[in-house]
Amino acid sequence: MYFWLAVGNFLTVQFLQLTDTKDYIETMSGTHIMFVLIIAGCLMLYIKNRKSLNLHSKSFFGAVFVFALFGMADIVRFYLPSGKRDALRFTRIGMALFILILGYSALRQISREHGRTIEEQTLKRLAFTDMMTGLHNRTAFEERMEKLRASEEKPTIAMVDINNLKYINDNFGHKSGDEAIRRIGRTLEQFFSKDAGIYRIGGDEFCVLSFLDLADMERRFTEIEKELFKQDEEVPYPLMAAFGCVQTAEEGIDKALIEADRRMYNNKKAIKGKQDGKTS
């Protein structure tokens, strides 16, 4: 209702001006009536919907009412004897405050959205990160596997298992066991961080998914084995890991994973004799 009254009033004022029936000053009363009607309509709309308004909408209405307050001050001044001069003094101030309030509200909204985005990204990163090693966790691995099952990509898979983790925990303490896990994780990251996804999928198990060719993958694990022999000299517990690599073929990613796991256990048996006697 207020809207249509304001529209009718506006059209009447424009008609009176265009037909030279009234000049600008003489039609100011009609403009003031239109202003009051618009503000009244905004007020009624706010009262009707105030419980469902979000913070940004409330800021908008607040800016409108601040502008209205200063506009009403000019309307009152207009009808005073000296009010014809600079009749929009307070209206200009109100408009400036209106813009400032909306600008501040927009910045707050942007900041809030940015903070929410960062929070969501952080939570997602935490949900897909292994807290001990900083690598991808089992959840991230399962998500990646689902994508690979649905695609035609054929990555190279490496399964990695820490040798003698139970022995380390039982004889050197779980702190040493955790350190061994972190060392293996860091070493895998050192050799594969730019070329592969590295996942800790169990207590002592890791998986590396890459599009390197099988020969390159196996060469890198030979270097990893040498690196772990060096680190083995630095710690009181035996530090060694077994691995098995497979190039995914037509049978699919799941069968390749099983085959990589089988090769890893064969490798685990083969390197038992290479331990330096720390387990004896």
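This text goes with the structure placed above it.
Calculation notes
Residues numbered from 1 in each chain as written. Predicted model: local features only at pLDDT ≥ 70, side-chain atom pairs only at ≥ 80, totals over all residues. Heavy atoms only, no water. Core = buried A, V, L, I, M, F, W, Y, C linked by side-chain atoms within 4.5 Å. Buried < 20%, exposed > 50% of the residue type's maximum accessible area, 1.4 Å probe, protein only. Helix = DSSP H or I, 4+ residues; strand = E, 2+ residues; numbered from the N terminus. Contact = heavy atoms within 4.5 Å. Salt bridge = Lys/Arg side-chain N within 4 Å of Asp/Glu carboxyl O.

A. Seen up close, the nonpolar core. Val 160, Ile 184, Leu 188, Phe 192, Phe 206, Val 208 and Phe 221 are the most contacted members of the largest nonpolar core, which has 26 residues in total. For this core, the secondary structure elements donating two or more residues are β1 (156-162), α6 (165-172), α7 (174-192), β2 (196-200), β3 (205-210), α8 (214-232) and β4 (241-247). By residue number, the principal contributor to this core is α7, which donates five residues. Leave out the neighbours within four places in its chain, and Leu 188 touches Val 160, Ser 193, Ile 198, Phe 206, Val 208, Phe 221 and Ile 224. Formed by 20 residues, the second largest nonpolar core is a distinct cluster that contains Met 145, Met 240, Ile 253 and Ala 256.

B. Broad picture of the pattern of salt bridges. Counted by the stated rule, this structure contains 16 salt bridges. Between Glu 113 and Arg 116 there is a salt bridge, with the nearest N and O atoms lying 2.7 Å from each other. Here Arg 116 and Glu 113 lie together in helix α4 (residues 89-127), a separation of three residues that amounts to about one turn. Of the charged contacts, one joins Lys 226 and Glu 223 as a salt bridge, the two residues approaching to 3.7 Å between their closest N and O atoms. Within this pair, Lys 226 and its partner Glu 223 are both found in helix α8, separated by three residues, close to a single helical turn. For Lys 226, a relative accessible area of 46% gives the class partly exposed. Among the residues examined, Glu 223 registers a relative accessible area of 38% and is labelled partly exposed. One salt-bridge network, in which partners are shared between bridges, spans Asp 195, Asp 216, Arg 219 and Arg 220.

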